[in-house]
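Structural features, examined
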Amino acid sequence: MNYIIRELNHEEYEVLNDFLYEAIFQREGEELLPRYIINDPALKIYIDGFGKKDDHALCAESDGKIVGVVWTRIIGGYGSIDKTTLELAVSIYKEYRGYGIGTELMKKMLLLLKEKGYEKVSLAVQKDNYAYKMYKKIGFEIVDENDQEYIMKYNLN
């Protein structure tokens, strides 16, 4: 699979709508959630008004098509650990999963955030989500949990 990783351009931010939906963990065999679920305020904060000072996004592009995105912002989302830590979301279109694109996007984003002087980044992941193993392998650590999710943190310094 040939792809490049680059910054997501301002005029491409609208793709975050698709990738926010794709980022929602949906178990095999269960009925898919409707696309309008991304309008739920608890989800919409991940993309609404994206492009502010602490918003960062990288994308993976294959054959001229954006196939994956990783983005961060400071929000009070599902994976928030405090009011100053960036929260990260990553999403790959289903047909492009399993090629290492998500891992590469994550590594590039962590490097970018470190270069920009951030100290840590956090995320939330469903306990039975296959991506949990990737986060753990990259170096994220569990700092909290609830019935369904792990809250994980990565120290950048």
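Note: the structure precedes this text.
What you see is a predicted model; the values in this text were computed from it and never measured.

Per the counting criterion, the structure on display carries seven aromatic pairs. Residues Tyr13 and Phe50 carry aromatic rings whose centres are separated by 4.9 Å and whose planes lie at 85° to one another, so their mutual orientation is edge-to-face. Residue Tyr13 is found in the loop between strand S1 (4-7) and helix H1 (16-23), and its partner Phe50 is found in the loop between helix H2 (41-44) and strand S2 (56-62); the two are separated by 37 residues along the sequence. Neither residue differs from the other here; Tyr13 and Phe50 are each classed as buried. Consider the rings of Phe25 and Tyr130, whose centres lie 6.4 Å apart with planes at 65°: the pair is edge-to-face. Note that Phe25 is positioned in the loop between H1 and H2 and Tyr130 in the loop between strand S5 (120-126) and helix H4 (131-138), a separation of 105 residues in sequence. The class of Phe25 is buried, set by a relative accessible area of 18%. Tyr130 sits in the exposed class, given a relative accessible area of 54%.

Take the side chain of His56 next. Looking at the element boundaries, His56 is found in strand S2. Residue class for His56 comes out buried when judged on its relative accessible area of 9%. Of note is the side chain of His56, whose polar atom sits 3.0 Å from the side chain of Tyr118. Contacts of His56, omitting those with residues within four sequence positions, involve Phe50, Val70, Trp71, Thr72, Leu86, Met109, Leu112, Leu113, Lys116 and Tyr118.

Note: S5 against strand S7 (residues 149-155), seven bridges, orientation antiparallel. Residue pairing in the sheet places Val121 in a bridge with Tyr154 of S7. Two elements, strand S6 (residues 141-145) and S7, share four bridges in a ladder whose sense is antiparallel. Note on S7: the bridge partner recorded for Glu145 is Tyr150. Counted between consecutive antiparallel strands, the loop separating S6 from S7 contains three residues.

Let's shift gears to the pattern of salt bridges. Side chains that carry opposite charge are capable of pairing whenever their charged atoms lie near each other. In total, this model carries 11 salt bridges according to the counting rule given. Salt-bridge contacts for Asp128 lead to Arg27; the nearest nitrogen and oxygen are separated by 2.6 Å. Linking Asp128 in the loop between S5 and H4 with Arg27 in the loop between H1 and H2, this pair joins segments that are 101 residues apart in sequence. Among the residues examined, Asp128 registers a relative accessible area of 44% and is labelled partly exposed. Two residues, Lys127 and Glu145, come together in a salt bridge whose shortest N-O distance is 2.6 Å. Taken together, the positions of Lys127 in the loop between S5 and H4 and Glu145 in strand S6 put the pair 18 residues apart, joining distant regions of the chain. According to the relative accessible area criterion, Lys127 is partly exposed, its value standing at 29%. On the basis of relative accessible area, Glu145 is assigned to the partly exposed category, the value being 45%.

Quick look at the sheet that holds strand S4 (residues 86-92) now. Spatial ordering of the open sheet is given by S1-S2-S3-S4-S5-S7-S6, a layout of seven strands whose pairing is mixed. Single-partner strands in this sheet number two, and they are S1 and S6. Going across the sheet, the axis of each strand differs from the next one's by a mean of 30°, ignoring polarity. Relative to strand S3 (residues 65-73), S2 runs antiparallel, the two being bridged by seven bridges. The residue bridging Ala57 from the neighbouring strand is Trp71, located in S3. Contacts from H4 reach S4, S5, S6 and S7 within the one sheet, and its direction differs from that of S7 by about 25°.

Conventions used here
In this numbering scheme, every chain counts its residues from 1 along its sequence in written order. Per-residue local features of the predicted model are confined to residues with pLDDT of at least 70, and side-chain atom pairs are confined, for both listing and counting, to 80 or more; whole-chain, interface and lining totals are unaffected and use all residues. The basis for the side-chain values is all heavy atoms of the structure; hydrogens and waters are excluded. Whether two aromatic rings pair depends on their centres lying within 6.5 Å, for rings of Phe, Tyr and Trp, where Trp uses its six-membered ring; planes under 30 degrees apart make the pair stacked, over 60 edge-to-face, and the rest tilted. A helix here means a DSSP run of H or I that spans at least four residues, while a strand means a run of E at least two residues long, and both kinds are numbered starting from the N terminus. Relative accessibility under 20% of the residue-type maximum defines a buried residue, over 50% an exposed one, and the middle range a partly exposed one, all with a 1.4 Å probe and only protein chains included. Here a polar contact means two N or O atoms within 3.5 Å. Within protein one must be a hydrogen donor candidate and the other an acceptor candidate, and residues neighboring in sequence count only if both atoms are side-chain atoms. Whether two residues are in contact is decided by their heavy atoms: any pair within 4.5 Å suffices. We treat two strands as partners when DSSP finds at least two bridges between them. Note on definitions: salt bridges are taken to be side-chain nitrogens of Lys or Arg within 4 Å of carboxyl oxygens of Asp or Glu. Helix axes are fitted to C-alpha atoms over the stretch in contact, other axes to C-alpha atoms as well, and angles between N-to-C directions run from 0 to 180 degrees.

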